[in-house]
Amino acid sequence: MAATPPIDTSVPHSARVWNYWLEGKDNYPVDRELGQQIARAFPEIVEVARADRQFLVRSVTHLVEEEGVRQFLDIGTGLPTANNTHEAAQAAAPECKVVYVDNDPLVLTHARALLTSSPEGSTEYVDADLTDPGPLLEQARRYLDFSQPIGLTFMGTLGHFPADENTYALARAYVDALPSGSFLALCDSTSTSPQIIEASKAWNEGASQPIHLRTAEEIERFFDGLELLEPGVVSASLWRPLPTELGEPKEVAQYGGVARKP
């Protein structure tokens, strides 16, 4: 087995900064410094990170409770915090199987935190590069039944790739591998807020992985050929929000949707 690449703590890393905004513990001073710098200038970025995580929980819970999905492939896992995919899925149905995929050395180091599972279900971690779908899917097939519906999730992942045809083709390669009745749940940062546009510039000056903002329409293109569930592609905070005494949730510059593969 190849040696795990060293963790570079001298340069801010997107997963670790995101982890800091979600009040996680797996980050370093350089990550907190950039995270604090951006959050002070652009407070909305913290709301974006939290809305993304809440969207994950609501979409996964919906797929389990309302659509009967019992398998999930989470690509671009990031660092474990609270309310991870397996926790949301297995809270709704303990027999759910979840495969996490990432190739970040820090995520690999913390994979044990992801590998907890209900006794009835399973949780696995695959160390693979999402830009090479073939080997990644081959590993996923060891743990998931590709003859049965699968919930594929890309949460805050594809924004690290340019908004071009290659990225759409990459996402499509994963959708094409899924059986009919599977679902795609995707959420990413958008250029719908002046604050986030400026925050992305500050991010790209200091972080190791750039952010490529998309328009809402460009996010929607990831769902071409699929059957979008209501309310379509919307701000993450407005996708089937839970009832609250605080009124309508605030819109954030993080858009997502959930769609069924015919």
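Structure first, text after, so check above.
Structure report, in brief.

Basis of the calculations
- Along each chain, residue indices are assigned from 1 in the same order as the chain's sequence is written.
- Residue-level local features of this predicted model are given only where pLDDT is at least 70; pairs of side-chain atoms are given and counted only at 80 or more, and the full residue set underlies all totals for whole chains, interfaces and linings.
- Values shown for side chains rest on all heavy atoms present in the structure; no hydrogens or waters enter the calculation.
- Runs of H or I in DSSP of at least four residues are treated as helices and runs of E of at least two as strands, each being numbered from the N terminus.
- To get the radius of gyration, use the C-alpha atoms; to get the globule rule, take the number of residues to the power 0.38 and multiply by 2.2 Å.
- In these tables, accessible area is a Shrake-Rupley quantity obtained with a 1.4 Å probe, and a residue counts as shielded only by the protein chains included in the view.
- Only protein chains enter the area calculation, which uses a 1.4 Å probe; residues under 20% of their type maximum are buried, those over 50% are exposed, and those in between are partly exposed.
- For two strands to be treated as a pair, DSSP must find no fewer than two bridges joining them.
- Paired rings are identified among Phe, Tyr and Trp, the last through its six-membered ring, by centres lying within 6.5 Å, and are further divided according to the angle between planes into stacked (under 30 degrees), edge-to-face (over 60) and tilted (the rest).
- Lysine NZ or arginine CZ positioned within 6 Å of the ring centre and within 35 degrees of the ring normal marks a charge as sitting over the ring.
- Within this scheme a cavity is a closed region of a 1 Å grid, computed over the protein atoms alone, that accommodates a 1.4 Å probe without allowing it to escape, whereas a pocket is open but has protein on both sides within 12 Å along at least five of seven lines; lining residues each have an atom within 4 Å of a point.
- Grid points are joined across faces, edges and corners, and a volume is the space filled by probe spheres set on the points.
- In this scheme, a helix's expected span is set at 1.5 Å multiplied by one less than its residue total.
- Picture the helix axis, draw a direction to every C-beta atom, and the arc is the one those directions span.
- Working definition of a nonpolar core: buried Ala, Val, Leu, Ile, Met, Phe, Trp, Tyr and Cys residues. They are joined through side-chain atoms within 4.5 Å.
- Here, residues are in contact when the closest pair of their heavy atoms is within 4.5 Å.
- Each reported salt bridge corresponds to a side-chain nitrogen of Lys or Arg within 4 Å of a carboxyl oxygen of Asp or Glu.
- Any N or O atom pair separated by 3.5 Å or less is treated as a polar contact, with the protein-specific requirement of one donor-capable and one acceptor-capable atom, and with residues adjacent in sequence counted only for side-chain atom pairs.

Some thoughts on the overall build of the protein chain
Consideration 1: Helix and strand content of the protein chain: 10 helices and 8 strands.
Consideration 2: Radius of gyration (C-alpha) of the protein chain: 17 Å, near the 18 Å computed for a compact globule of 262 residues.
Consideration 3: Each of the three principal axes of the protein chain carries a C-alpha extent, and together these read 45 × 45 × 40 Å.
Consideration 4: For the protein chain, the exposed area adds up to about 11900 Å²; of that, 50% sits on carbon and sulfur atoms.

A look at the pairing of strand S8 (residues 254-260)
One face of the sheet, then the other: side chains in a regular strand alternate in exactly this way.
Consideration 1: By the criterion of burial, S8 is predominantly enclosed, with 6 of the 7 residues buried.
Consideration 2: Pairing of strand S5 (residues 183-189) with S8 involves 7 bridges; the strand directions are antiparallel. Each bridged residue has a counterpart across the sheet, and for Asp 188 the counterpart in S8 is Tyr 255.
Consideration 3: Bridge count between strand S6 (residues 227-228) and S8: 2 bridges; the pairing is antiparallel. Each bridged residue has a counterpart across the sheet, and for Leu 228 the counterpart in S8 is Ala 259.
Consideration 4: Strand direction decides the pairing type here: strand S7 (residues 234-235) and S8, joined by 2 bridges, are antiparallel. Within the sheet, the bridge partner assigned to Ser 235 lies in S8 and is Tyr 255.

Brief notes about the packing of aromatic side chains
Consideration 1: A full pass over the atoms with the stated rule returns 3 aromatic pairs.
Consideration 2: Note on Phe 154 and Tyr 174: the rings are 5.9 Å apart at their centroids and 70 degrees apart in plane angle, and the pair reads as edge-to-face. You can see Phe 154 sitting in strand S4 (residues 151-155) and its partner Tyr 174 sitting in helix H8 (residues 165-176), a full 20 residues away along the chain. The burial state of Phe 154 is the same as that of Tyr 174; both residues are buried.
Consideration 3: In this structure, Arg 141 packs its charged tip against the face of Phe 146, placed 4.7 Å from the ring centre.
Consideration 4: We note Arg 221 situated over the ring of Tyr 168; from NZ or CZ to the ring centre the distance is 4.1 Å.

Observations concerning the layout of surface pockets
Consideration 1: In this model, the second largest pocket occupies a volume close to 290 Å³.
Consideration 2: What lines the second largest pocket is a set of 13 residues, among which Ala 51, Gln 54, Arg 58, Ser 237 and Pro 249 lie closest to the centre.

Looking at helix H2 (residues 29-41)
It helps to recall that an α-helix has 3.6 residues per turn; residues three or four apart then point in one direction.
Consideration 1: Between its terminal C-alpha atoms H2 stretches 18 Å, which fits the 18 Å expected from 13 residues at 1.5 Å a residue.
Consideration 2: Along H2, the residues that are buried comprise Val 30, Asp 31, Leu 34, Gly 35, Ile 38 and Ala 39. Along the long axis of H2, the arc covered by the buried residues comes to 160 degrees, so they all point the same way. Every exposed residue of H2 that faces more than 90 degrees away from the buried side is listed here: Pro 29, Glu 33 and Arg 40.

Topic: the nonpolar core
Consideration 1: Judged by nonpolar contacts, the single largest core of 49 residues is most densely connected at Trp 21, Ile 38, Phe 72 and Val 258.
Consideration 2: Of the residues forming this core, the biggest block, 10 residues, is contributed by helix H3 (residues 44-65).
Consideration 3: Non-local contacts of Trp 21, meaning those with residues more than four positions away in its chain, are made with Gly 35, Ile 38, Ala 39, Ile 45, Val 46, Ala 49, Arg 50 and Trp 203.

A closer look at the pattern of salt bridges
Consideration 1: If you walk through the whole model with that rule in mind, you get 6 salt bridges.
Consideration 2: For Lys 201, the salt bridge goes to Glu 198, with nearest N and O atoms at 3.3 Å. Residue Lys 201 and its partner Glu 198 are both found in helix H9 (residues 194-206); the two are separated by 3 residues, about one turn of the helix.
Consideration 3: Given the relative accessible area of 45%, Lys 201 is considered partly exposed.
Consideration 4: By relative accessible area, Glu 198 is classed as partly exposed at 37%.
Consideration 5: In this structure, Arg 260 and Glu 227 form a salt bridge, with 3.6 Å as the shortest nitrogen-oxygen distance. Here Glu 227 lies in strand S6 and Arg 260 lies in strand S8, a separation of 33 residues in the sequence.
Consideration 6: Take Arg 260: its relative accessible area is 30%, and that puts it in the partly exposed class.

Quick look at unusual backbone geometry
Peptide bonds are mostly trans, and most non-glycine residues show a negative phi.
Consideration 1: Cis geometry is found at the peptide bond from Glu 230 to Pro 231, where omega equals 5 degrees.
Consideration 2: Position of Pro 231 among the secondary structure elements: in the loop between S6 and S7.
Consideration 3: The phi dihedral of Arg 240 falls on the positive side, at around 45 degrees, and the residue is not glycine.
Consideration 4: Here Arg 240 shows up in the loop between S7 and S8.

Looking at the side chain of Ser 189
Consideration 1: Counting through the fold element by element, Ser 189 comes out in strand S5.
Consideration 2: Judged by relative accessible area, Ser 189 falls into the buried class, the value being 12%.
Consideration 3: Within the structure, the side chain of Ser 189 is placed 2.7 Å from the side chain of Gln 254, a separation counted as a polar contact.
Consideration 4: Ignoring sequence-local partners within four residues, the contact set of Ser 189 consists of Val 48, Leu 213, Arg 214, Ala 253 and Gln 254.

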